[in-house]
Amino acid sequence: FAKPDADGQHYSASVGMLKPEVKNFAPAAFKSFGDGLQAPPLEGVTDATSEHVDGALVVGLIRKYAAKPASLNLTFAYGTGADIGYHASRDCFTLAAPLPPCPILACA
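What counts and what doesn't
- Residues numbered from 1 in each chain as written.
- Predicted model: local features only at pLDDT ≥ 70, side-chain atom pairs only at ≥ 80, totals over all residues.
- Heavy atoms only, no water.
- Helix = DSSP H or I, 4+ residues; strand = E, 2+ residues; numbered from the N terminus.
- Buried < 20%, exposed > 50% of the residue type's maximum accessible area, 1.4 Å probe, protein only.
- Contact = heavy atoms within 4.5 Å.
- Areas by Shrake-Rupley, 256 points an atom, 1.4 Å probe, with all protein chains shown as cover.
- Salt bridge = Lys/Arg side-chain N within 4 Å of Asp/Glu carboxyl O.
- Patch = residues over 30% accessible without salt bridge, like charges linked within 9 Å, V, L, I, M, F, W, Y side chains within 5 Å.
- Pairing = 2+ DSSP bridges.
- Arc of directions from axis to C-beta.

**Structural notes on the overall build of the protein**
Next up, step 1: Scanning the protein for helices and strands turns up one helix and six strands.
Next up, step 2: Element order for the protein, N to C, with α for helix and β for strand: β-β-α-β-β-β-β.
Next up, step 3: Structurally, the protein occupies a C-alpha span of about 40 × 35 × 25 Å along its principal axes.
Next up, step 4: Counting the 108 residues in the protein, one finds 13% classified as buried.
Next up, step 5: Within the protein, counting contacts between residues at least 6 apart in sequence, those at least 24 apart form 34% of the total.
Next up, step 6: Of the roughly 8,300 Å² of accessible surface on the protein, a fraction of 58% belongs to carbon and sulfur atoms.

Okay, structure coming up:
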């Protein structure tokens, strides 16, 4: 989850498990999800980045694997405002082999 800071120029990134109750748009479920978000590092995710590049918000998570996976199942969503709520767009997709090289900041 990336949320704009007070200055509107920077974003803070956090991660958490999306619970099924959130699909019902119940305010209590949104609050529970938001309260459970954490900034990395945490299990599986060592860092998160978010920045504007050529007018687009680019969000990244750095996760280490024991071996390069054959594919990655990914999900994205972006909302209509800075709060957790209805998504303007969302989708799931698979990044299939051959996977692109990892960014230099993530590879040792």
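That shown, we press on.
**Description of the pattern of salt bridges**
Next up, step 1: In total, this model carries one salt bridge according to the counting rule given.
Next up, step 2: Asp35 is the salt-bridge partner of Lys31, the closest N and O atoms lying 2.8 Å from each other. Here Lys31 pairs with Asp35, and both are found in helix α1 (residues 27–36), just four residues apart, close to one helical turn. The residues Lys31 and Asp35 share a single accessibility class, namely exposed.

**Observations regarding a nonpolar patch on the surface**
Next up, step 1: A surface patch of nonpolar side chains, amounting to about 420 Å² of accessible area, comprises Leu74, Phe76, Tyr78, Phe93 and Leu95.
Next up, step 2: Residue assignment for the nonpolar patch shows that the elements contributing at least two residues are β5 (72–79) and β6 (87–95).
Next up, step 3: In terms of residues, the nonpolar patch owes the most to one element, β5, which gives three residues.
Next up, step 4: Of note, Leu95 is situated in strand β6.

**A short note on the pairing of strand β4 (residues 56–62)**
Next up, step 1: Inspection of the sheet shows strand β3 (residues 47–53) paired to β4 by seven bridges, in the antiparallel sense. Residue pairing for β4: Val53 is matched across the bridge by Ala56.
Next up, step 2: Counted between consecutive antiparallel strands, the loop separating β3 from β4 contains two residues, among which Asp54 sits at a positive phi close to 50°.

**Concerning α1**
Next up, step 1: Buried residues of α1: Ala29, Phe30 and Phe33, and no others. The buried residues of α1 all sit within an arc of 100° when viewed along its axis, so they share a single face. Structural note: α1 exposes Pro27, Ala28, Lys31 and Asp35 on the side pointing more than 90 degrees away from its buried face.

**Brief notes about the environment of Val58**
Next up, step 1: Counting through the fold element by element, Val58 comes out in strand β4.
Next up, step 2: Residue Val58 is classed as partly exposed on the basis of its relative accessible area, which comes to 40%.
Next up, step 3: Remark: the alpha-carbon pair of Val58 and Phe93, spanning 35 residues in sequence, is separated by 17 Å.
Next up, step 4: Once you skip the residues sitting within four places of it in the chain, Val58 turns out to touch Thr49, Ser50, Glu51 and Val53.

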